[in-house]
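Here's the letter readout for the chains.
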Amino acid sequence: MTDPVLWGVVSIVVSATIMAVGVLYASMAASNEADPPVPADGEKGFTYTCHCYRDPIRVTVRPPADGRPWQ
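The structure contained in this document is the topic of the report that follows.

Conventions adopted
- Residues numbered from 1 in each chain as written.
- Predicted model: local features only at pLDDT ≥ 70, side-chain atom pairs only at ≥ 80, totals over all residues.
- Heavy atoms only, no water.
- Helix = DSSP H or I, 4+ residues; strand = E, 2+ residues; numbered from the N terminus.
- Buried < 20%, exposed > 50% of the residue type's maximum accessible area, 1.4 Å probe, protein only.
- Contact = heavy atoms within 4.5 Å.
- Areas by Shrake-Rupley, 256 points an atom, 1.4 Å probe, with all protein chains shown as cover.
- Pairing = 2+ DSSP bridges.
- Patch = residues over 30% accessible without salt bridge, like charges linked within 9 Å, V, L, I, M, F, W, Y side chains within 5 Å.
- Salt bridge = Lys/Arg side-chain N within 4 Å of Asp/Glu carboxyl O.

This part takes up the overall build of the chain. The number of helices and strands found in the chain is 1 helix and 2 strands. Ordered by position in the sequence, the α and β elements of the chain form the string α-β-β. A burial count over the chain gives 7% of its 71 residues as buried. Summarising the internal contacts of the chain: among those between residues at least 6 apart in sequence, 4% fall at separations of at least 24. Accessible surface, the chain: about 6300 Å² in total, of which carbon and sulfur atoms supply 66%.

Here's what the structure looks like:
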């Protein structure tokens, strides 16, 4: 390999590595912000945050009160 080709390959490999680390870092940061899977009061169900409006909305989904299974 000639010297310019070698430096070109090295710069592409370094750039790809930095991009991969950045994507992994961003995905880990997003997964750490996940909501708890159960409501804060301890009842069955799950809670999530809807980011579909300007201000996030916290939604809690609970199973039916009459004991029927989830559908």
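In this section: the pairing of strand 2 (residues 57–61). Alignment of strand 1 (residues 46–50) against strand 2, held across 5 bridges, turns out to be antiparallel. Considered in strand 2, the bridge of Phe-46 is made with Val-61. Hairpin remark: strand 1 followed by strand 2, antiparallel, with 6 residues in the connecting loop.

It is worth spelling out a nonpolar patch on the surface at this point. Where nonpolar side chains cluster on the molecular surface, the patch consists of Leu-6, Trp-7, Val-10, Val-14 and Ile-18 and spans about 490 Å² of accessible area. Tracing the backbone through its elements, the reader meets Leu-6 in helix 1 (residues 3–32).

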